[in-house]
Each structure stands twice: as structure tokens, then as C-alpha cells.
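The lines below spell out each chain.
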Amino acid sequence: MAFELPDLPYAHDALASKGMSAETLEFHHDKHHNAYVTNGNKAIEGTEWEGKSLEEIIKGTYDAGAVAQNGIFNNISQLWNHNQFWEMMGPGDTGMPGELEKAITESFGSVGKMMDEFKAAGAGQFGSGWAWLVKDTDGGLKVTNTENGVNPVCFGQTALLGCDVWEHSYYIDFRNARPDYLSNFLDNLVNWENVASRL
Ligand code: MN3
């Protein structure tokens with residue numbers, strides 16, 4: 001069974017008033033995400049990874065580390081990353097659930113400090129990649145950044161929040177201003193209830 005492009009969990013124009021335009025989502029979801037699905041399916045066809053879960057393929061091909069696996073890893077990890085990314089945002093104004101606020105405060109000292117670290121991680125990622133808030137293998141929360149399609153699954157961590165800092169994610173709405181895109185993401189776009197559900 002081939003992987004499929006999931007529908008956005010909201011309309012293409014649902015985030016426009018919050019700083020992510022319909023045009024961005026038309027390109028980012030309908031074209032970029034779709035390309036990862038198409039190319040990922042093509043890459044695993046006839047290989048040992050056909051029929052495996054996204055997570056199994058990501059972990060297995062990242063661990064294998066062989067250049068021959070890069071086409072599989074890059075596309076399948078990006079497929080998974082975008083599946084999560086749309087769910088982590090939303091048009092509603094959900095406050096941060098108490099259990100999440102407590103966990104963040106325990107690990108970072110305050111929500112503001114976590115957000116500062118997250119913005120710095122995203123702005124500081126040279127070239128394409130992602131900023132993450134993860135639950136680490138020791139149960140503590142931490143902020144990371146990763147290059148290209150690399151994600152927390154590779155390291156056995158749980159992805160609580162991820163922000164795509166590839167240029168295709170922000171260039172239509174924010175041009176080159178990646179820090180502004182990251183601030184807007186945290187202030188206006190994140191669905192904190194979804195983040196809390198991943199704890
Ligand atoms: Mn992207």
C-alpha cells in the first residue's frame with residue numbers, strides 16, 4: 001500500500017489571517033509535500049522498505065547511513081515531517097494546556113525561554129532544515145535543529161513541535177525574514193493542544 005498525501009486539516013486559506021497564506025499552503029502542501037509522497041513511493045518500490053511504516057523506514061535508512069539510501073531517507077522523512085507540521089498548526093486560538101506549560105517550565109525555566117531557544121535554533125540552522133521541541137530519551141524536553149529532512153525519529157526522540165525552515169516554507173509570506181516567520185509561527189500558528197497531545 002503506497003503512502004498517500006493527507007488532506008490539510010483545515011482549508012488552504014484558514015491560516016491566512018495568521019500569517020501563512022493560501023498561496024504558501026498551495027505550494028507547500030499540494031506541490032512540495034506531494035512530491036515527497038510521489039518520490040518516496042517511487043524510491044521504496046521493490047526495496048526491503050516497501051510495506052514498512054514511515055517511522056521504520058526513517059529509522060532504518062538513517063541508521064544505515066548509506067548513500068544508496070539517501071533518496072529513500074530524504075523523501076520519506078520529509079513526508080513524515082510535513083504530516084506532523086500541518087497538524088501542529090491551526091486556525092484556532094488554543095491556549096497552552098497546563099500540563100505542557102508545566103513540562104516546558106520544568107525543562108527550560110519558562111515558556112518564554114523555550115520560545116527564545118526555538119527561534120534561535122530555527123534562525124541558526126544553516127541552509128534547509130527544521131527546528132524542533134522534542135521529548136528526549138531521558139523524558140526531558142529540549143530544543144534541537146536538524147538539517148534537510150533529519151528529524152527526531154532518527155534519534156529515538158518524540159517530536160512535540162517542529163517548524164519547517166526550508167525557504168519554501170516562508171519565502172512567499174516573509175521573503176528572507178526567517179526570524180519573523182519563526183516568531184509568527186510561535187505566536188500565532190501553533191496548535192498547542194496538538195503539541196500537548198504528543199507528550
Ligand atoms: Mn517543507
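Residues numbered from 1 in each chain as written. Predicted model: local features only at pLDDT ≥ 70, side-chain atom pairs only at ≥ 80, totals over all residues. Heavy atoms only, no water.

A. Main features of the packing of aromatic side chains. Here the structure, examined in full by the defined rule, presents ten aromatic pairs. Each ring, one from tyrosine 62 and one from phenylalanine 155, has its centre 5.6 Å from the other, and the planes form 80°; the classification is edge-to-face. Of this pair, tyrosine 62 sits in helix H2 (residues 54-64) while phenylalanine 155 sits in the loop between strand E2 (141-147) and strand E3 (158-164), and the two are 93 residues apart along the sequence. Overall, tyrosine 62 belongs to the partly exposed group, its relative accessible area being 31%. Among the aromatic side chains, those forming a connected cluster through ring pairs are Phe85, Trp86, Phe118, Trp130, Trp132 and Phe185. Sitting over the face of the ring of phenylalanine 27, lysine 31 holds its NZ or CZ atom 6.0 Å from the ring centroid. (Phe/Tyr/Trp six-rings, centres within 6.5 Å; stacked < 30°, edge-to-face > 60°. Helix = DSSP H or I, 4+ residues; strand = E, 2+ residues; numbered from the N terminus. Buried < 20%, exposed > 50% of the residue type's maximum accessible area, 1.4 Å probe, protein only. Lys NZ or Arg CZ within 6 Å of the ring centre and 35° of its normal.)

B. Just the side chain of lysine 18, in detail. Structurally, lysine 18 can be placed in the segment before helix H1 (22-44). Residue classification places lysine 18 among the buried positions, given a relative accessible area of 11%.

C. Here's a closer look at a negative patch on the surface. On the surface, Asp13, Glu23, Glu26 and Asp30 cluster together to form a negatively charged patch. Positionally, glutamate 23 belongs in helix H1. (Patch = residues over 30% accessible without salt bridge, like charges linked within 9 Å, V, L, I, M, F, W, Y side chains within 5 Å. Areas by Shrake-Rupley, 256 points an atom, 1.4 Å probe, with all protein chains shown as cover. Salt bridge = Lys/Arg side-chain N within 4 Å of Asp/Glu carboxyl O. Lys, Arg positive; Asp, Glu negative; His and termini not counted. Charge placed at Lys NZ, Arg CZ, Asp CG, Glu CD.)

D. Spotlight on the coordination of the manganese ion. For the manganese ion, every protein donor is listed as His28 (NE2), His82 (NE2), Asp164 (OD) and His168 (NE2), and the spread of their distances is 1.9 to 2.2 Å. Sequence spacing among the residues donating to the manganese ion works out to H-x53-H-x81-D-x3-H. (Donors = N, O, S within 2.8 Å, 3.2 Å for Na, K, Ca; no water.)

E. Seen up close, the pattern of salt bridges. Within this structure, the stated rule accounts for four salt bridges. Between lysine 18 and aspartate 93 there is a salt bridge, with its nearest N and O atoms 3.3 Å apart. Placement of the pair is lysine 18 in the segment before H1 and aspartate 93 in the loop between helix H3 (70-87) and helix H4 (98-108), with a sequence separation of 75 residues. Relative accessible area serves as the criterion here: at 74%, aspartate 93 is assigned to the exposed category.

F. Inspection of the domain arrangement of the protein chain at higher detail. Split into domains, the protein chain comes out as domain 1 (21-87) and domain 2 (98-197). When each unit is reduced to the centre of its C-alpha atoms, the spacing between domain 1 and domain 2 is 20 Å. Counting residues at the interface gives 20 residues for domain 1, matched by 23 residues for domain 2. Surface buried jointly by domain 1 and domain 2 totals about 1,700 Å² across both partners, of which 63% is contributed by carbon and sulfur atoms. Between domain 1 and domain 2 we count zero salt bridges in total. There are eleven residue pairs in polar contact (both at pLDDT 80 or more) connecting domain 1 and domain 2. (Domains from an automatic or database assignment. Contact = heavy atoms within 4.5 Å. Buried area = accessible area lost by both parts, 1.4 Å probe. Polar contact = N/O pair within 3.5 Å; in protein donor to acceptor, adjacent residues only side chain to side chain.)

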